[in-house]
Amino acid sequence: MSSSEPSSSAFRDEIPTVLQRGAACLACRRKKMKCDGKKPFCTQCKRARQEDDCQYDDGEHKSRHRILAEQVDLLESRLRQLEGEARIRDLASAANPDSGTPPADPALTALFSEMALGLNTSLPISSVDAQALAPSLTQVSAVQTFDTQDFSPGHLQPLAAAFLAHRYQFCPLIRFPDVFEVLSPSLKNAIYMVGARFSSSHLETSFLPSSLHALSSGLARGESVLDAIIASCILALYFFINGRLLEGHYHASAAVTLVLQCGIHQIDKPYVTETSFSTVRDTRLGPVRAPAERVLRMRIFWQVFYLDRCWSVAIGMSPGLSENFSQASAITTQFPGEEGQQVTAGSTISNFFDNPGVAASNNIEVLLVKSAALFEKASSLALLIQDASDDGHWDDYIKFQNAIEQFLATIPAITGPSASEIDLRLVVVHTLLRTAIIHLYHPFATADINIHAKSLEAARGIREVIRTIRTRQFQYLDPILGSCWMSAAAVFIRERSTIRLSAALIDPGSLLEDVEQELQSVIGATRKLAQFFPIVDLILRKIELHNASSY
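Note that the structure is a prediction, hence the values are computed from the model and not measured. Just so you know, the residues in each chain are numbered from 1, in the order the chain's sequence is written. For this predicted model, a pLDDT threshold of at least 70 governs which residues receive local features, and a threshold of 80 or more governs which side-chain atom pairs are given and counted, while totals over whole chains, interfaces and linings are taken from all residues. Note that water and hydrogens are dropped before the side-chain values are worked out from all heavy atoms of the structure.

1. As for the overall build of the protein chain
- Each helix is a run of H or I in the DSSP string that is no shorter than four residues. Each strand is a run of E no shorter than two, and both are numbered from the N terminus. When its secondary structure is counted, the protein chain shows 21 helices and zero strands.
- Buried means the residue's accessible area, taken with a 1.4 Å probe over protein chains only, is under 20% of the maximum for its type, while exposed means over 50%, and partly exposed covers the values in between. Burial analysis of the protein chain (551 residues in total) assigns 49% to the buried set.
- Here a residue-residue contact requires only that any non-hydrogen atoms of the pair lie within 4.5 Å. Within the protein chain, counting contacts between residues at least 6 apart in sequence, those at least 24 apart form 70% of the total.

What follows is the structure, given as structure tokens:
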């Protein structure tokens, strides 16, 4: 062969090589395009000027976006570590009577002062475990994102089944389709993320950033807004249960904003394409075209309402869905399950507060929404009325006290031979209502013997509800119960202190034994729930800390 002839190796360099399976970049795999596998960026991505999307799953190549994301996560991890160390000092100071600022009543003050978890939304789930948990909870966005098309049905089906088993914990008012492929990418990724979490799959850390990315890009592309609202609810609760309260509040607020923008809080309000003062088109979804679509919109709104009301109390924030500011924010959408009933004028929530015993229903979704509304309102009133001389809200207080008692009387019982087969959402209803009583009576529980007795009765009611829960059912419980159980535990701690200080009791020993048993029952239930939700672990630590400091 002459020197002028090209060598065989030169020919091989010009011929595109056949890549091994899985060696193409993720962007080309999603688009089903040929990829030459060049690094740092393949030819297809360079031509499309989409270098930031050109990533490989070899664990080595990183796009500029991913490098920046890892740097941000590193800084966030360090910030959480510093905040956790500060919280350790705060807890140690509260528990140490020689710190110079001991609480007046260490058994009760910290537990009752905020009527909630009392958490700063920037803190990690547990100051003690902040460093150990930071890698698993704060660095997931550094993992490359995926599309559900990257996985075979064999990988996704178990995740879908795991999500459906836990759907009432994340979306107790939503009915999901049998086939998830009809859903938008943001909702599919959120669903598979939850499924991965409860099936202990390593894919959890991939689906979280994928869900976040799909949510923002989906809204920009005009994908289903209703799916985006549900995905926001799922993400909010996911962050809440993992102790990432700031991110949870962010996504809960996003869900609130979307339902208000879409107008489904006033679902029967006439649709107007343009407003008198707006320079843009109305962002609502448009008129309802079918009864099933109307029902879906109603359920989605009340799902957001339920999340907003429950977790605003738990993290000590004001609810996003407030009716105090304008007529445009008033809630007129009917309760779920009441689609066929005649629409009444005025606010749906205010009408219920005025007549809590009217149109009593055994529909579990209606009961959930109404109990969440009472739960949040009771907590709000308790913060407004701190002593008997404050009569500015006294009429509302008396009215609301009667409303809770009337509504509680209409709730189906959960005891009996079929307790093991009950809908666990009914456990939440009973617990929320009794916690509402504890919160509402808190300002006067130490000064009024009758109110003290009613608070103790409500705590004992919560304990009786706990006794109906089987051990295997704890993993399927709504994590908001952890916050409620903390309030019940505080009542028992207060009762124990009262018995010890009472000189009129002849034999306080048996009474102390009974109260201690009730307290330990609540603590034991919280400990079981903490096995599944890191946020409940923090609640458990708070209960145990104040229980120990009350002796």
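2. Describing unusual backbone geometry
- Even without glycine at this site, Lys32 takes up a positive phi of about 55 degrees.
- In this model, Ser200 sits at a positive phi of 55 degrees, which is unusual for a non-glycine residue.
- The residue Ser200 is located in the loop between helix H9 (185-198) and helix H10 (204-221) in this model.

3. Some points on the pattern of salt bridges
- Whenever a carboxyl oxygen of Asp or Glu lies within 4 Å of a side-chain nitrogen of Lys or Arg, that contact is scored as a salt bridge. Under the defined criterion, the tally for this structure stands at 16 salt bridges.
- Between Arg221 and Glu223 there is a salt bridge, with its nearest N and O atoms 2.7 Å apart.
- In this structure, Glu365 and Arg299 form a salt bridge, with 2.5 Å as the shortest nitrogen-oxygen distance. Highlighted residues: Glu365 in helix H15 (residues 364-384) and Arg299 in helix H13 (residues 291-314), separated in sequence by 66 residues.
- For Arg299, a relative accessible area of 8% corresponds to the buried category.
- What you see here is one network of salt bridges that share partners, running through Arg175, Arg299 and Glu365.

4. Section: empty space enclosed by the protein
- A 1.4 Å probe that fits but cannot get out identifies a cavity on a 1 Å grid over protein atoms alone, an open set with protein on both sides within 12 Å along at least five of seven lines counts as a pocket, and a residue lines either if it has an atom within 4 Å of a point. Grid points are joined across faces, edges and corners, and a volume is the space filled by probe spheres set on the points. Overall, the coordinates contain five cavities of 30 Å³ or more when judged by the stated rule.
- Roughly 50 Å³ of internal volume is contained in the second largest cavity.
- Lining the second largest cavity are Gln169, Phe170, Leu237, Gln303, Tyr306, Leu307, Trp311 and Asp478.
- Taken together, the elements giving at least two residues each to the lining of the second largest cavity come down to helix H8 (167-170) and H13.
- When residues in the lining of the second largest cavity are grouped by element, the largest group, four residues, is from H13.
- Any residue outside Ala, Val, Leu, Ile, Met, Phe, Trp, Tyr, Cys, Pro, Asp, Glu, Lys and Arg is labelled polar, Gly included; the first ten of those are nonpolar and the last four are charged. Residue classes in the lining of the second largest cavity are distributed as five nonpolar, two polar and one charged.

5. Side note on H15
- By this rule, a helix spans an expected 1.5 Å times one less than how many residues it contains. Counted at 1.5 Å a residue, the expected span for H15 with its 21 residues is 30 Å, and the 30 Å between its end C-alpha atoms agrees.
- Burial within H15 is extensive, with 17 of its 21 residues counted as buried.
- Its side-chain oxygen placed 2.8 Å from the backbone nitrogen of Glu365, Asn363 serves as the N-cap of H15. Think of a polar contact as two N or O atoms within 3.5 Å of one another; within protein, one of them needs to be a possible hydrogen donor and the other a possible acceptor, and neighboring residues in sequence only count if both atoms come from side chains.

6. Here we look at the nonpolar core
- By nonpolar core we mean a set of buried residues, namely Ala, Val, Leu, Ile, Met, Phe, Trp, Tyr and Cys, connected to one another through side-chain atoms within 4.5 Å. Among the nonpolar cores identified, the biggest contains 130 residues, and Ile234 and Trp485 are the most heavily contacted of them.
- Per-element tally for this core: the top contributor is helix H11 (residues 225-241), with 14 residues.
- In this document the domain limits rely on a domain assignment from an automatic tool or a database. When we break this core down by domain, the ones giving at least three residues each are domain 2 (153-270 + 284-349) and domain 3 (355-550).
- The contacts of Ile234, once residues within four sequence positions are left out, are Phe163, Phe170, Cys171, Leu187, Ala190, Ile191, Met193 and Val194.
- Core analysis: the second largest hydrophobic core is formed by 10 residues, Ala27, Cys28, Cys35 and Cys45 among them.

7. What to know about the confidence of the model for the protein chain
- pLDDT measures how confident the predictor is about each residue, on a scale from 0 to 100. Averaged over all residues, the pLDDT of the protein chain is 77; the fraction at 70 or higher stands at 70%.
- Scored below 50 in pLDDT, residues 1-16 shows two contacts in the model against residues more than four places distant or in partner chains.

8. Structural notes on H9
- The terminal C-alpha atoms of H9, which comprises 14 residues, lie 20 Å apart, in line with the 20 Å expected from a rise of 1.5 Å per residue.
- The buried fraction of H9 is high, at 13 of 14 residues.
- Just past H9, the residue Ser200 takes up positive phi, approximately 55 degrees.

9. Examining the packing of aromatic side chains
- Each aromatic pair joins two rings of Phe, Tyr and Trp (for Trp, the six-membered one) with centres within 6.5 Å, and gets the label stacked for planes under 30 degrees apart, edge-to-face for over 60, and tilted for any other angle. Considering all chains together, one arrives at 17 aromatic pairs under this definition.
- A centroid spacing of 5.2 Å and a plane angle of 85 degrees characterise the contact between Phe352 and Phe407, whose relative ring orientation is edge-to-face. Of this pair, Phe352 sits in helix H14 (residues 348-354) while Phe407 sits in helix H16 (residues 394-408); the two residues are 55 residues apart in sequence, bridging distant segments of the chain. Both residues of the pair, Phe352 and Phe407, count as buried.
- An aromatic cluster is built from Phe301, Trp302, Phe305, Phe335, Phe352, Phe353, Phe400 and Phe407, whose rings are joined through pairwise contacts.
- Charges are assigned to positions over rings by a cutoff of 6 Å between ring centre and Lys NZ or Arg CZ, combined with an angular limit of 35 degrees from the ring normal. The positively charged end of Arg197 is found above the aromatic ring belonging to Phe198, 5.4 Å away from the centroid.

10. Here's the deal with the side chain of Gln334
- Note on placement: Gln334 falls in the loop between H13 and H14.
- Its relative accessible area of 7% is what places Gln334 among the buried residues.

11. Looking at the packing of H13 against H15
- Working convention: axes come from line fits to C-alpha atoms, limited for helices to the stretch in contact. Angles between N-to-C directions cover 0 to 180 degrees. Two elements in contact, H13 and H15, have axes separated by 9 Å at closest approach and are oriented at 35 degrees. When you trace H13 past H15, the crossing you get is left-handed. For the pair H13 and H15, the contacting residues are Arg299, Trp302, Phe305, Tyr306, Arg309, Cys310, Ser312 and Val313 in the first and Glu365, Leu368, Val369, Ala372, Ala373, Phe375, Glu376 and Ser379 in the second.
- Across the contact of H13 with H15, the residue classes break down as 10 nonpolar, two polar and four charged. For a crossing to be left-handed, the near helix must be turned anticlockwise from the far one by less than a right angle; the clockwise case is right-handed.

12. Describing the packing of H15 against H16
- Where H15 meets H16, the axes come as close as 11 Å, and the angle between the chain directions of the two elements is 150 degrees. Taken as axis vectors, H15 and H16 run roughly antiparallel relative to one another. Considering how the two elements wind past one another, H15 and H16 form a crossing that is left-handed. Residue-level contacts link Leu367, Lys370, Ser371, Leu374, Lys377, Ala378 and Leu381 of H15 to Asp396, Tyr397, Phe400, Ile404 and Phe407 of H16.
- Classifying every residue of the contact of H15 with H16 gives eight nonpolar, one polar and three charged. Reported orientations rely on four angle classes, namely roughly parallel under 35 degrees, roughly antiparallel over 145, roughly perpendicular from 65 to 115, and oblique for the rest.

13. Looking at the state of the cysteines
- Note on disulfides: each one is a pair of cysteine sulfur atoms within 2.5 Å. The full count for this structure, using the stated rule, is zero disulfides.
- There is no disulfide at Cys45, and the cysteine sulfur nearest it, in Cys42, is 3.6 Å away.
- Looking at the unpaired Cys233, the closest cysteine sulfur is the one in Cys171, lying at 5.9 Å.

14. Side note on the environment of Ser253
- Along the polypeptide, Ser253 turns up in helix H12 (residues 245-262).
- Considered as a pair, Ser253 and Leu321 are 68 residues apart in the sequence and their alpha carbons are 9.0 Å apart.

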